[in-house]
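One letter stands for each residue in the lines below.
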Amino acid sequence: MHHFALRGYEGASLAHIAKDVGIKKQSIYTYFAGKDDLFLQICEDACKFEISMVMEDLVLAKDKPIKNILYNFLEQSMERYAKYDSTKFILGNAFLPPVHLREQVMSELYSYLDKLEELFIPIFNKVKEAGEISSMIDEEMATAAFLAVLDSLFVEMLYGDAHRLKKRFRAS
């Protein structure tokens, strides 16, 4: 995952990956049909890991005010990007997947995004029922709006610098 997260699909070398895990390049083919197969397995693993991290964060925050839940989630997303190759892998490939694997990668990433929506809709529904946000705001629309804010941070994580990311985060 580290090689694909750092160098992308094209820049990752099976020879370097094999060396780092202490095997010969040919041994990779014992477990994977090739680079594409390895990449797609890593994509699936990264998405599962990220969802587990998100679920853990949301369980810990479930009794906090909505402002804190959303703020902490954005903050933790930035921290995961700085800390985990899985987050870097997902973001890099969400914006620039390998062309020949685009359909498969995007299918996995859309499942990840659908799961994020599935996790946030009940949060917005709960605060709507509690009167913390207008009853006129649909929880699905509120979730989509929040995820759009998250997307803006993702863009800065990938293409901006620390100053621009902090500015966008504070504004969010």
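Scroll up for the structure.
In what follows, the accompanying structure is described. (Residues numbered from 1 in each chain as written. Predicted model: local features only at pLDDT ≥ 70, side-chain atom pairs only at ≥ 80, totals over all residues. Heavy atoms only, no water.)

## Side note on a negative patch on the surface
What counts here: Note that patches include only residues with greater than 30% relative accessible area and no salt bridge, and the join distances are 9 Å for like charges and 5 Å for nonpolar side chains (Val, Leu, Ile, Met, Phe, Trp, Tyr). Exposure was quantified through the Shrake-Rupley algorithm and a 1.4 Å probe, taking into account, for residues, occlusion by the shown protein chains and nothing else. Any Lys or Arg side-chain nitrogen found within 4 Å of a carboxyl oxygen on Asp or Glu counts as a salt bridge. In this count, Lys and Arg are taken as positive residues and Asp and Glu as negative ones, while His and the chain termini are left out. By convention, the point assigned to a charge is CZ for Arg, NZ for Lys, CD for Glu and CG for Asp. Between buried and exposed lies partly exposed: a residue is buried under 20% and exposed over 50% of the maximum accessible area for its type, with that area taken using a 1.4 Å probe on protein chains only.
Among the surface-exposed residues, Asp114, Glu117, Asp138 and Glu140 lie close enough to one another that they form a single negatively charged patch. Judged by its relative accessible area of 34%, glutamate 117 falls in the partly exposed class.

## Here's the deal with a nonpolar patch on the surface
Keep this limit in mind: Each helix is a run of H or I in the DSSP string that is no shorter than four residues. Each strand is a run of E no shorter than two, and both are numbered from the N terminus.
On the surface, Phe95, Leu96, Val155 and Tyr159 cluster together into a nonpolar patch covering about 400 Å² of accessible area. Of note, phenylalanine 95 is situated in helix H6 (residues 85-95). Using a relative accessible area of 33% as the deciding quantity, one classes phenylalanine 95 as partly exposed.

## Focus on the packing of aromatic side chains
The test is simple: For Phe, Tyr and Trp, rings pair up if their centres lie within 6.5 Å, where Trp contributes its six-membered ring, and each pair is then called stacked (planes under 30 degrees apart), edge-to-face (over 60) or tilted (otherwise). Think of it as a cone above the ring: NZ of Lys or CZ of Arg counts as a charge over the ring if it is within 6 Å of the ring centre and within 35 degrees of the ring normal.
Applying the stated criterion to the full structure yields 11 aromatic pairs. Their ring planes at 15° and their centres at 6.2 Å tell us that phenylalanine 4 and tyrosine 9 sit as a pair that is stacked. By relative accessible area, tyrosine 9 is classed as buried at 11%. Through successive ring pairs, a cluster of aromatic residues spans Phe4, Tyr9, Phe39 and Phe89. Geometry around tyrosine 9 places lysine 35 over its ring, the cationic atom sitting 4.6 Å from the centre. Over the ring of tyrosine 81 we find lysine 88, and its NZ or CZ is 5.6 Å from the ring centre.

## What about the pattern of salt bridges?
Inspection of the entire model under this criterion finds seven salt bridges. Residues arginine 80 and glutamate 50 are paired through a salt bridge, measuring 3.1 Å at the closest nitrogen-oxygen approach. With arginine 80 in helix H5 (residues 66-83) and glutamate 50 in helix H4 (residues 35-61), the pair connects residues that are 30 residues apart, well separated along the chain. The class of arginine 80 is buried, set by a relative accessible area of 5%. A relative accessible area of 1% means that glutamate 50 is categorised as buried. Residue arginine 80 pairs with aspartate 57 through a salt bridge whose shortest N-O separation is 2.9 Å.

## Observations regarding the environment of isoleucine 66
The condition is simple: Here, two residues are considered to be in contact whenever any of their heavy atoms come within 4.5 Å of each other.
Among the structural elements, isoleucine 66 can be located in helix H5. Separated by 72 residues in sequence, isoleucine 66 and aspartate 138 place their C-alpha atoms 15 Å apart. Filtering out sequence-adjacent residues up to four positions away, isoleucine 66 remains in contact with Ile123, Phe124, Val127 and Glu132.

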